[in-house]
Amino acid sequence: MPEAQTKREAGETAPRVEYELQLYYWMKLIRAFEERVSRLHRQNKIFGGVYSGAGQEAICTGICAPLQPGDFVAPLHRDLGVFLVRGVEPGRLMAQLMGKEPGLSRGKDSFLHGGDLERGVFGSTSMLGSSLPVAVGAALKFRMKRENLIAVAFFGEGTSSRGDVHEAMNFAGVHKLPVLFVCENNRYAYSTPLEKQMAIDDVADRAAAYGFAGHVVSGNDLLAVFDLTERVTKRIRAGGGPEMIECKTYRFHGHSEHDAALYRDKDELLQWESRDPIPLYEFYLEKRGHDVKRIRDETDARTHQVLQAAVEFAEQSPYPKPEEALEDLYAASPSTDGRR
Ligand SMILES: Cc1ncc(C[n+]2csc(CCOP(=O)(O)OP(=O)(O)O)c2C)c(N)n1
């Protein structure tokens, strides 16, 4: 379990500054993990597509850090960071990406479709938008069983134009279910720019149509995302019904590693690179009186070590055996005597 969540659950008053360094570690780990995956992809060691979230680390971190163990999170294909912040073992995650047996889906797929329900992470899906009704279903279960848990559904601005997204939001709004909808608006759905995707500026405006609040925040500003998420999730947990947070951001890489993103303007990329969430947060830490150079060096050394171990573990792990291909495809029957 991530350190921050343990502290919060126990109700300890952890010095805020210590917690802030944990947030920094997560953002750096996500960036380093994805950079390593891009390199491994070029070496032909990664199974399936690679959808880098570089530039969007403040969103996975700021949204997931305030959550509780047991909350249900449905990430997008670009949200590898969700897995790390929720405490999924980096070695298992790397094994998943390499299609190895100890991976989350036991070598049955690439990053997509590998979830870790023990950590409350539903695998991201290829059929964009299909995970939102699932998150709403989890929230309905929490309501029916009177569990004080919430569901979080991530989606892109492109995905927001899908029908099942609207059905999920409508159902959640009507029944006031405990769901946080998180839009990662990175301005492009593959090569389609925002203005060719929707006729309004803010996806958050759509929340009003379903009877709940929609908020807009800078998705590159970790503290802004974190603080808003803390306030919003408190209200949702207290029974206030769903809310939406739209994070304005930008992806530094192409849609996937095979996409050079030549449809984007170079100046636009430059402007967004200058709003990189990591140096932005380092600037804040410096203002708080930290020796940022020392913290950066220590964090880089730590993430390097974690990644080395994860890659070694994944590379040394076996591929699944062919006869395992049909295992785990269906849930076990609730009855053992053959009757249902
Ligand atoms: C239903 C569906 N339509 C199309 C695709 C192909 N596709 C994969 S990712 C993507 C772009 C998604 O854009 P967005 O939701 O904004 O997320 P982003 O990739 O920008 O993070 C598309 C069109 C798909 N996977 N599923």
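Here is a short report on the structure shown in this document. The structure displayed is predicted, hence computed values, not measured ones. (Residues numbered from 1 in each chain as written. Predicted model: local features only at pLDDT ≥ 70, side-chain atom pairs only at ≥ 80, totals over all residues. Heavy atoms only, no water.)

The complete set of buried residues in helix 8 (residues 222–240) reads Leu 222, Leu 223, Val 225, Phe 226, Leu 228, Thr 229, Val 232, Thr 233, Ile 236 and Arg 237. Backbone geometry just downstream of helix 8 places Gly 241 in the positive-phi region, at approximately 90°. (Buried < 20%, exposed > 50% of the residue type's maximum accessible area, 1.4 Å probe, protein only. Helix = DSSP H or I, 4+ residues; strand = E, 2+ residues; numbered from the N terminus.)

Tracing the sequence through the fold places Ile 59 in helix 3 (residues 57–64). In the structure, Ile 59 is positioned 166 residues away from Val 225 in sequence and 6.6 Å away in space, judged by C-alpha atoms. Residues contacting Ile 59, with those up to four places away along its chain left out, are Cys 64, Phe 154, Val 182, Glu 184, Gly 219, Val 225, Cys 247 and Thr 249. (Contact = heavy atoms within 4.5 Å.)

Below, the discussion takes up unusual backbone geometry. Phi angles above zero are rare outside glycine, and Asn 44 is one such case at about 65°. Position of Asn 44 relative to the elements: it lies in the loop between helix 2 (16–42) and helix 3. Not every positive phi belongs to a glycine, and Lys 176 is a case in point at roughly 50°. Residue position: Lys 176 is located in the loop between helix 7 (163–174) and strand 3 (179–185). Owing to a relative accessible area of 47%, Lys 176 belongs among the partly exposed residues under this scheme.

Residues in close proximity to the ligand total 16 residues, the closest being His 77, Arg 78, Ser 126, Thr 159 and Tyr 188. For the ligand, an oxygen atom lies 3.2 Å from a polar atom in the side chain of Glu 157. A total of 580 Å² of accessible area belongs to the ligand in isolation, and the protein chains cover 75% of it. Broken down by class, the residue content of the shell around the ligand amounts to six nonpolar, seven polar and three charged. (Near = heavy atom within 4 Å. Polar contact = N/O pair within 3.5 Å; in protein donor to acceptor, adjacent residues only side chain to side chain. Areas by Shrake-Rupley, 256 points an atom, 1.4 Å probe, with all protein chains shown as cover. Nonpolar A, V, L, I, M, F, W, Y, C, P; charged D, E, K, R; others polar.)

With that settled, consider the pairing of strand 7 (residues 243–248). The side chains of a regular strand alternate between both faces of the sheet. In terms of residue burial, strand 7 counts as a mostly covered element, since five of its six residues are buried. Sheet topology places strand 3 next to strand 7; six bridges connect them, and they run parallel. If you follow Asn 185 over to strand 7, its bridge partner there is Lys 248. Where strand 6 (residues 213–218) meets strand 7, six bridges bridge the pair, whose relative direction is parallel. Across the sheet, residue Ser 218 finds its bridge partner in strand 7, namely Lys 248. (Pairing = 2+ DSSP bridges.)

We now examine the packing of helix 6 (residues 131–144) against helix 7. The geometry of helix 6 relative to helix 7 is characterised by a closest axis approach of 8 Å and an angle of 20° between their N-to-C directions. If you check the angle between helix 6 and helix 7, you find them roughly parallel. Crossing angle aside, the handedness with which helix 6 passes helix 7 is left-handed. In this structure, helix 6 uses Leu 132, Pro 133, Val 136 and Leu 140 to contact helix 7, whose residues at the interface are Asp 164, Val 165, Ala 168, Met 169, Phe 171 and Ala 172. In terms of residue class, the contact of helix 6 with helix 7 is made up of nine nonpolar, no polar and one charged. (Axes fitted to C-alpha atoms, helices over the stretch in contact; angles between N-to-C directions. Parallel < 35°, antiparallel > 145°, perpendicular 65-115°, else oblique. Left-handed = near helix turned anticlockwise from the far one by under 90°.)

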